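Chain residues, written in single-letter form:
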Amino acid sequence: MSKILYIDHISPDGHINFNKIYLDALMRQKYQVDIVCKAGYFKKIKTSNSHFKLEIPNILYRYKDGITNRILFFLQLIYIKHKIDFSNYDYILLSSYEEISLFFAKYKYKLFIVNHDNIRGLDSRIKRFFIKKISQKNTHIVFEQYIKEHLKMYRINNVCVISHGLINPLNIKNVNFNSLHNICPDLHNAPLYNYVIFSPSASSTDYKFIRSLLSDESFGKFLMKNKIIFIAKGHFSKSNNKNIVIINNYLSQQQYESLFSISNLILICYPSSFKYRVSGILMECISNEKICFIKDIEALKIYSKCFTYNPYFKNKEELINLISLFIKDIEYFKIEKDCKNLFIPDFSKIFI
């Protein structure tokens, strides 16, 4: 049985589900895994048969700006290097990384490094230099074949495609409209509406597009006419339209899952700068067979095979048309169940 050291020294909350997916897949494939992460993070990602190895102290996580963050990333990596004997492991998997700090940490052992939003860095001459440097010894893991092809354009060939994977479907019991009031007082009228559309917040959300929707009079009238409540999570100004609810406070995982579960539609909006990466929200929709509408960008077009319908829209008018079609014929809108098999992470490609 191969022994793997699984490191997420950055330990972002946004990667909790991803880490659970990869760790579960490694366990199913009978690897022995030790985990290194931020203090307290292991409790959030703990899976059966995984072993806690090292906790990185919280003092190394006082993030402020780009330079400070890179220094902290570097110190986290150095802390790990001095605390763990890497020779005890067959493989070392770094489930998130920052290219400059990783270069200066000078790890002598080969790493398998997972790329989330890193590949966009090739557009920058400085980041491209460091990415190519760390690529000389380490192997990149990317989620899709087209991302691997993009790396080849820069003569980076030690790349393996391992799917992002899907989180287990939600199993929330007794979620109802009354629970929404506990999440946000402005949702007290939710039971009066026929449909709930939820736009979850993400660091990459196309805020310009969402703001244009929220301020658009014709979109507001469309919501009122069809008894739709539109819930937007993010830092938006409060709307005077009673059919629009803004949630700009923190949502616990349970609150988020409640909103996700009770929504009829999930709106996924990213700008064109969202490139060479995967949407965790989209993965949740596919896993839960939740209908979603997706702003038409190149990075997400490759998932069209997962839908019985065309989920993409370019502007407000196309979005309204999609919602109208959904109201007229809900049964037409489905997630292809067979597509879930496309997202199973298979580590036999890289680990013996």
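Note: the structure precedes this text.
Residues numbered from 1 in each chain as written. Predicted model: local features only at pLDDT ≥ 70, side-chain atom pairs only at ≥ 80, totals over all residues. Heavy atoms only, no water.

1. Remarks on the overall build of the protein
Next up, step 1: Along its length, the protein carries 13 helices and 13 strands.
Next up, step 2: In terms of overall dimensions, the protein has a C-alpha envelope of 65 × 40 × 40 Å along the principal axes.
Next up, step 3: Counting across all 352 residues of the protein, residues that qualify as buried make up 54%.
Next up, step 4: Sequence-distant contacts, at least 24 apart, represent 67% of the contacts inside the protein between residues at least 6 apart.
Next up, step 5: Summed over all atoms, the accessible surface of the protein reaches about 17200 Å², with 49% contributed by carbon and sulfur. (Helix = DSSP H or I, 4+ residues; strand = E, 2+ residues; numbered from the N terminus. Buried < 20%, exposed > 50% of the residue type's maximum accessible area, 1.4 Å probe, protein only. Contact = heavy atoms within 4.5 Å. Areas by Shrake-Rupley, 256 points an atom, 1.4 Å probe, with all protein chains shown as cover.)

2. A short note on the packing of aromatic side chains
Next up, step 1: Within the structure shown, the criterion is met by 32 aromatic pairs.
Next up, step 2: Between Phe129 and Phe130, the ring centres sit 5.1 Å apart and the planes meet at 85°, which makes this aromatic pair edge-to-face.
Next up, step 3: Relative to Phe333, the ring of Tyr309 has its centre 4.8 Å away and its plane inclined at 50°; by these criteria the two rings are tilted. With Tyr309 in the loop between helix H12 (298-301) and strand E13 (312-313) and Phe333 in the segment after helix H13 (316-328), this pair connects stretches of sequence that are 24 residues apart.
Next up, step 4: Under the relative-accessibility criterion, Phe333 is labelled buried at 5%.
Next up, step 5: Through successive ring pairs, a cluster of aromatic residues spans Phe18, Tyr22, Tyr31, Tyr91, Phe112, Phe143, Phe347 and Phe351.
Next up, step 6: Taking the ring centre of Phe260 as reference, the NZ or CZ of Lys290 above it sits at 5.7 Å.
Next up, step 7: The lysine or arginine in question, Lys295, covers the ring of Phe209, its NZ or CZ lying 5.6 Å from the ring centre. (Phe/Tyr/Trp six-rings, centres within 6.5 Å; stacked < 30°, edge-to-face > 60°. Lys NZ or Arg CZ within 6 Å of the ring centre and 35° of its normal.)

3. Side note on helix H9 (residues 217-225)
Note: α-helices contain 3.6 residues per turn, so residues at a spacing of three or four share the same orientation.
Next up, step 1: All buried positions along H9 are accounted for by Phe219, Gly220, Phe222 and Leu223. Each buried residue of H9 lies within a common arc of 160° when the element is viewed along its axis, so the set occupies one face. For H9, the exposed residues set more than 90 degrees away from the buried face come down to Glu217 and Lys225.
Next up, step 2: Residues of H9 that are buried make contact with helix H8 (207-215), strand E9 (228-233), strand E10 (244-247) and H13.
Next up, step 3: Note on H9: the residue one or two positions beyond its end, Lys227, has a positive phi of about 50°. (Arc of directions from axis to C-beta.)

4. Focus on the sheet that holds E9
Next up, step 1: Read from one edge of the open sheet, six strands run E10-E9-E8-E11-E12-E13, paired in parallel fashion. At either end of the open sheet lies a strand with only one pairing partner, and these are E10 and E13.
Next up, step 2: Sheet topology note: the E9/E10 ladder contains four bridges and is parallel. The residue of E10 that forms the bridge with Ile231 is Val245.
Next up, step 3: Strands in contact with helix H10 (residues 253-262) are strand E8 (195-199), E9, E10 and strand E11 (265-268); relative to E8, the strand with the most contacts, it is inclined by about 135°. (Pairing = 2+ DSSP bridges. Axes fitted to C-alpha atoms, helices over the stretch in contact; angles between N-to-C directions.)

5. What to know about the sheet that holds strand E6 (residues 139-142)
Next up, step 1: Reading across from one edge, E3-E2-E1-E4-E5-E6-E7 is the order of the seven strands in this open sheet, with parallel pairing throughout. The open sheet has two free edges, formed respectively by strand E3 (51-56) and strand E7 (159-161), since each of these has just one partner strand. Going across the sheet, the axis of each strand differs from the next one's by a mean of 25°, ignoring polarity.
Next up, step 2: Direction of pairing for strand E1 (residues 3-8) relative to strand E2 (residues 32-38): parallel, over a ladder of six bridges. Each bridged residue has a counterpart across the sheet, and for Ile4 the counterpart in E2 is Val33.
Next up, step 3: Contacts from helix H3 (residues 66-83) reach E1, E2 and E3, with the element oriented near 130° to E3.

It is worth stressing that arrangement in space is one thing and function is another; only the former is reported here.
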